[in-house]
Structures are given as structure tokens and as C-alpha cells.
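So the chains spell out like this:
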Amino acid sequence: MKARPYLIALVLIVLVAGLLVVFRTPGGDPAGPRQETSPQAAVEAGAGAGDAYYPTDGNSGYDVTLYDLAITYDPSSQQLDGVASITATASDDLSRFNLDLEGLRVSEVEVGGQPAKFAQEGDHELVITPAAPLAKGRPFTAVVTYGGKPTTIDDASLGRSGWQISSTGGAFAAGQPHSATTWFPANDTPRDKAALKVAARVPDGWTVVSNGLEGPARRDGGWTTFTWSEETPLATYLATVAIDRFEVVRSKLPSGTPVVDAYAPGTSGSKKPIQSRLPEVLAFLETKFGPYPQRAAGGIWVADQIGFSLETQTRPIYASWADLETVVHENAHQWFGDSVTLRSWADICLNECLASYSQWLWMEKEGTDLDQRYRDRVEELRSRSSFWAPKLYDMGKGNEFRGVYDKGIMAVHALRKQVGDDVFFRALRSWTAEHRDGNASWPDFEDHFEKASGQPLDAFFQAWFRDSGIPGDQHLLPAGVRR
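Just so we're clear, the structure is a prediction, and the values are computed from it rather than from any experiment.

Caption draft 1: Spotlight on the overall build of the protein. Broken down by element type, the protein carries twelve helices and 26 strands. Taken over the C-alpha trace, the protein has a radius of gyration of 22 Å; the compact-globule value for 483 residues is 23 Å, and the two agree within 12%. For the C-alpha atoms alone, the extent of the protein along its principal axes is close to 70 × 55 × 45 Å. Within the protein, the fraction of its 483 residues that count as buried is 57%. For the protein, long-range pairs separated by at least 24 residues make up 69% of all intrachain contacts whose partners lie at least 6 apart in sequence. When the accessible surface of the protein is split by element, carbon and sulfur atoms take 50% of a total near 18200 Å².

Structural data, given as C-alpha cells:
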């Protein structure tokens, strides 16, 4: 995600008094040891997948492999009706389990083809009790019928996210850490990545764009159903659907990868010249990060002054203020964030610090001396304590997007100078290859670079990423960046 500049400044004001982070993991840690149980002693896998910042998000009792969504949306009434078929495997013996769904009402649930009891509790918990317990290791399908007017989430640091009504009359879903559950029920944790299929029915004249590969459209009785399929597993916050009177442009990358670009009314004139450089951007990023890790590419340009652009998988959503630098940033996320996904929100620097540094790499390609730029920034900011204050790892709930777009760039360049260019870029390419389509943590990244460089980097990472405040000169000015 790339935040609009004025919002980065706003973040510094948010939650000055600090937020209490409640560290509890009611659902347990999927990676941790589990007690063997029998169906007769089945557990209730309730809210929580183990993220300390968002302890009620997700559910650790099962692993989703596919969200197969059929939705109908009428822009005139803003009513959404949906049927979500969720294929998963129980990772415990389950007597019941939770999904996350915000603002929409459920009318029916089936599990394994049998009616299931359900209740909607709290802000977003859909509690499902199947007719019979689900045995550990057993695949199952839950079918949820739901509807209503989707809600928008007000986020303290980045403004509005989730389902948003566009100024052009359509709608789109985007935001992090939450977005998906404003339009379909999900195991809303980045730890549970799954494939996605979308069949979206809208009145004729409207177009629907989503993630992945485009399928055939079907027209019937004044309505059109658009189909999309993303087979590469994605985190729920990277799923999107956008509905508008789009101008759609289709092309291919030199590799044959399909590209779909969508322009909301009034955007194509100014944004097509920017988006047309996508093949050049991806080709450049491949030289730094390794092969493009997605099956499709493109962009969705909305006409709205939202507070961010977002790396929705294969097809980022761009705000009306977005520029070429934003395109570079969001497509770097296709490696860092989308393919290699954070394990917990404390690890957000894995996404944002690295994607932000891609903007500097692009500037370097265009002729900027990054070492000189870095030294100038150090001198300019040395006495500005507010710049150095944010922690880049485990920064606390509500602070995830402080520092990662600016201090994060400086930290990554310092790391590059500490280990040298050959090690730095080789380590980035091996990182994206080893963790492709999976999850990773910031400590994993630190270990990876220590092994790749053969250097003891604990003090460096402590100074730059784990501590608040300006690093000491030995880490602020590594040998590789000194004059």
C-alpha cells in the first residue's frame, strides 16, 4: 500500500496517548503443537488466529483452500446479495468454527451439504455449528448465503477502507488490515491464504473487475455476470472487486502473462500513459527481485480521492492521485506482501519497507545517486526526532503504517550498504523464491540476511528496525555509504 503523503503526517498525531495491545491468542497458533483429539472431544475453534494486534481476526481451526463467491450487486440500491462456498480442511476436530463477516446478514448456512446452526456475534463473528463434528484432516465445504448493504470501515490512520461507494456511482473493496469481510465471509487472517473465484452479477452497462484471470461474461435478462479466478493463494485483504462503467484495456506482457487494466469514467486520459509503462516497471523489478510471481497483471484506476492505493493481488487499485512512482510501489508488492505474505501485522515492514525502497531503485535506474541522496537525507533529518521515533518491527497496533514509507526506505538502503550490493540483491531474490506463495515473519528476514551475508547483523537490525530513535553512526553510516 502507498499512503497519500498528507495521511503519513496525520498518522503521527493518531493515538498520541498510545493504544493498549491485548496479547491473547484464543484460537491458538497454527504453527504450534496441538493436542490430539477425537471427534467425541471436538473443540470449539472460535475467534482468533494468533495475531496479537488483532486477536479476534481469523480462526486457527481450519485452513481455507478456496473462496468461490457468487454475488449480485445493484448500484442503484447499493444492495449486495451473495453465496460463498468456502472449501477448507479442519486442522483440529471441530464442534464449531467461526468466520469473519462485517455488516451483512446471514440467512442460511450449510456444511457438507447439511443445514448448520449459525449465529452472528460481536462486530464480525459468524459462529457456525455443523450438524456433526468435523474430524481433523477432513476437507469440508461451508456454503453461506448472506446479503445487505456493505459497510465501510473507518481506520484511524488511513481513513476509509473496505466497501466504498465510488463518486462515479459504482463501488470497490480495498483496504488493510480489513476489507474482504465487508463483502464476503472469510477466515480473515493473512496466515490463511486461499484461491479465489468470483462470479459477480450487475445490471447491464456496469463492469466488474477482480483478481486474477478473466473468464467469460454471461448476459441474461438485463443483467451481466462477470467471472474472475485467482488460483495463486492470496491473503484475504488482497482480494478485491470493483464495479463501475469501466473502460477495460486488455494486453499481454512479453512473457504472455495477461494484463487487464480498468479505468473508471474520467480517468483514462491522464492514467493510461502511466499504466502503459507497467511492462517496463515489471521487467525492471524482475531484475531486482526475481521472476514476476503472479499469473496475471494490470490495474484498477478509480476516480476517487481515497487515502491510499493498494496492492490487491495481480491488479492493484489506484486512487485518483496515483502516479508512476505509485505503480512501481504497488507492483513491487506483488513480490513483497502478495507472494511472500506477512505472518503477523507486526511484520508489515516486510511489505512496506521493501516496496517503498523499490521507488528508490526506480530513481536509481533513472540516474539518481542513491548514496548521495541517502547522505543528504541523514543530514537533513538527523535532528528531527519525530522521523526516527517509529519502530519498523513490532510497532504496536495502530502504528503499523508509521515510518515504513520513509524511515523504512532509509533502513533498507542502510542494509544494502551494510552487506554490499551483490549480497543484498542475491538475498532478496532468494527470499522471494524460498517463501513464494507462503508466509514469513520479520525475524525470518533477519535470519535470511545474516546467513546470506555471513555477518552478525543483530546490532544493525536492533538499531534500525527494532528500536525507536536514530541509529548510532556505525549503523547510520555503514562503510558502504560513507564518503
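Caption draft 2: Geometry of the nonpolar core. Grouped together as the largest cluster of nonpolar side chains are 144 residues, with contacts concentrated most on Phe97, Tyr146, Trp183, Tyr374, Phe449 and Trp464. Residue contributions to this core peak at ten residues, all from helix 5 (residues 349–365).

Caption draft 3: View of the packing of aromatic side chains. In this structure the tally under the stated criterion is 25 aromatic pairs. With a centroid separation of 5.7 Å and an interplanar angle of 70°, the aromatic rings of tyrosine 292 and tryptophan 335 are classed as edge-to-face. Highlighted residues: tyrosine 292 in the loop between helix 3 (278–289) and strand 22 (297–301) and tryptophan 335 in the loop between helix 4 (324–332) and strand 25 (341–342), separated in sequence by 43 residues. Taking relative accessible area as the criterion, tyrosine 292 reaches 9% and is therefore assigned buried. Across from the ring centre of tryptophan 223, 4.3 Å away, lies the NZ or CZ of arginine 201, which sits over that ring. Positioned above the aromatic ring of tryptophan 206, the side-chain terminus of arginine 245 is 4.1 Å from the ring centre.

Caption draft 4: Representation of the side chain of serine 441 in the model. Mapped onto the elements of the fold, serine 441 is located in the loop between strand 26 (439–440) and helix 10 (442–453). Residue serine 441 is classed as buried on the basis of its relative accessible area of 12%. The residues touching serine 441, leaving out its near neighbours within four places in the chain, are Arg343, Asp347, Leu350 and Trp431.

Caption draft 5: Seen up close, the domain arrangement of the protein. For the protein, the assigned domains read domain 1 (44–147 + 171–235), domain 2 (246–339) and domain 3 (342–476). Relative to domain 2, the C-alpha centre of domain 1 lies at a distance of 26 Å. Tallying the contact residues gives 19 residues for domain 1 and 23 residues for domain 2. In this assembly, domain 1 packs against domain 2 so that about 1600 Å² is buried in total across both faces, 56% of it on carbon and sulfur atoms. The interface formed by domain 1 and domain 2 includes one salt bridge. For glutamate 214, the salt bridge goes to arginine 250, with nearest N and O atoms at 2.8 Å.

Caption draft 6: View of the confidence of the model for the protein. When the pLDDT values of the protein are averaged, the result is 91; 90% of them are 70 or greater. This model gives residues 6–41 a pLDDT under 50, and the stretch forms 51 contacts once residues within four places in sequence are excluded.

Caption draft 7: Looking closely at the environment of asparagine 331. Among the structural elements, asparagine 331 can be located in helix 4. Here asparagine 331 falls in the buried class, since its relative accessible area comes to 0%. Distance in space between the C-alpha atoms of asparagine 331 and arginine 315 is 8.6 Å, their sequence separation being 16 residues. Beyond its immediate chain neighbours, meaning those up to four positions away, asparagine 331 contacts Leu278, Leu282, Leu285, Pro316 and Tyr318. Polar side-chain contacts of asparagine 331 include one of 3.1 Å to the side chain of tyrosine 318.

Caption draft 8: A look at helix 8 (residues 407–419). Across its 13 residues, helix 8 extends 19 Å between first and last C-alpha, which sits within 8% of the 18 Å expected from 1.5 Å per residue. The element helix 8 is largely enclosed, with a buried count of twelve among its 13 residues. Burial in helix 8 covers these residues: Lys407, Gly408, Ile409, Met410, Ala411, Val412, His413, Ala414, Leu415, Arg416, Lys417 and Val419. Phi turns positive, to about 90°, at glycine 420, one or two residues after helix 8.

Caption draft 9: Quick look at the pairing of strand 21 (residues 258–263). For strand 21, the buried fraction is high: five of the six residues fall into the buried class. Of the strand pairs in this sheet, strand 20 (residues 247–252) and strand 21 are connected by six bridges, and their pairing is antiparallel. Bridging across to strand 21, lysine 252 finds its partner in proline 258. In the sheet, strand 21 pairs with strand 22 via five bridges, with the strands oriented parallel. Along strand 22, the bridge assignment pairs aspartate 261 with glycine 299.

Caption draft 10: Broad picture of the side chain of glutamate 330. Among the secondary structure elements, glutamate 330 is positioned in helix 4. We note that glutamate 330 is buried and unpaired, the nearest opposite charge coming from lysine 2 at a distance of 7.2 Å. Within the local environment of glutamate 330, its side chain forms a polar contact with the backbone nitrogen of glutamate 311, the two atoms lying 3.2 Å apart. Among residues more than four places away in sequence, those in contact with glutamate 330 are Met1, Lys2, Ser309, Leu310, Glu311, Pro316 and Tyr318.

Caption draft 11: Expanded view of the sheet that holds strand 21. Across the sheet, which stays open at both edges, the four strands sit in the order 20-21-22-24 with mixed pairing between neighbours. Strand pairing shows two members of the sheet lacking a second neighbour, strand 20 and strand 24 (317–318), which therefore form its edges.

Caption draft 12: Highlighting the pairing of strand 4 (residues 79–90). Here strand 4 shows one buried face, formed by Leu80, Gly82, Ala84, Ile86, Ala88 and Ala90, and one open face, formed by Gln79, Asp81, Val83, Ser85, Thr87 and Thr89. In this sheet, strand 4 lies alongside strand 3 (residues 62–74) in antiparallel orientation, the contact comprising twelve bridges. Across the sheet, aspartate 74 pairs through a bridge with glutamine 79, a residue of strand 4. What sits between the antiparallel neighbours strand 3 and strand 4 is a turn of four residues, in which glutamine 78 has the positive phi angle 60°.

What counts and how
Residues numbered from 1 in each chain as written. Predicted model: local features only at pLDDT ≥ 70, side-chain atom pairs only at ≥ 80, totals over all residues. Heavy atoms only, no water. Helix = DSSP H or I, 4+ residues; strand = E, 2+ residues; numbered from the N terminus. Rg over C-alpha atoms; globule rule 2.2 N^0.38 Å. Buried < 20%, exposed > 50% of the residue type's maximum accessible area, 1.4 Å probe, protein only. Contact = heavy atoms within 4.5 Å. Areas by Shrake-Rupley, 256 points an atom, 1.4 Å probe, with all protein chains shown as cover. Core = buried A, V, L, I, M, F, W, Y, C linked by side-chain atoms within 4.5 Å. Phe/Tyr/Trp six-rings, centres within 6.5 Å; stacked < 30°, edge-to-face > 60°. Lys NZ or Arg CZ within 6 Å of the ring centre and 35° of its normal. Domains from an automatic or database assignment. Buried area = accessible area lost by both parts, 1.4 Å probe. Salt bridge = Lys/Arg side-chain N within 4 Å of Asp/Glu carboxyl O. pLDDT = per-residue confidence, 0-100. Polar contact = N/O pair within 3.5 Å; in protein donor to acceptor, adjacent residues only side chain to side chain. Expected span 1.5 Å × (residues − 1). Pairing = 2+ DSSP bridges. Lys, Arg positive; Asp, Glu negative; His and termini not counted.

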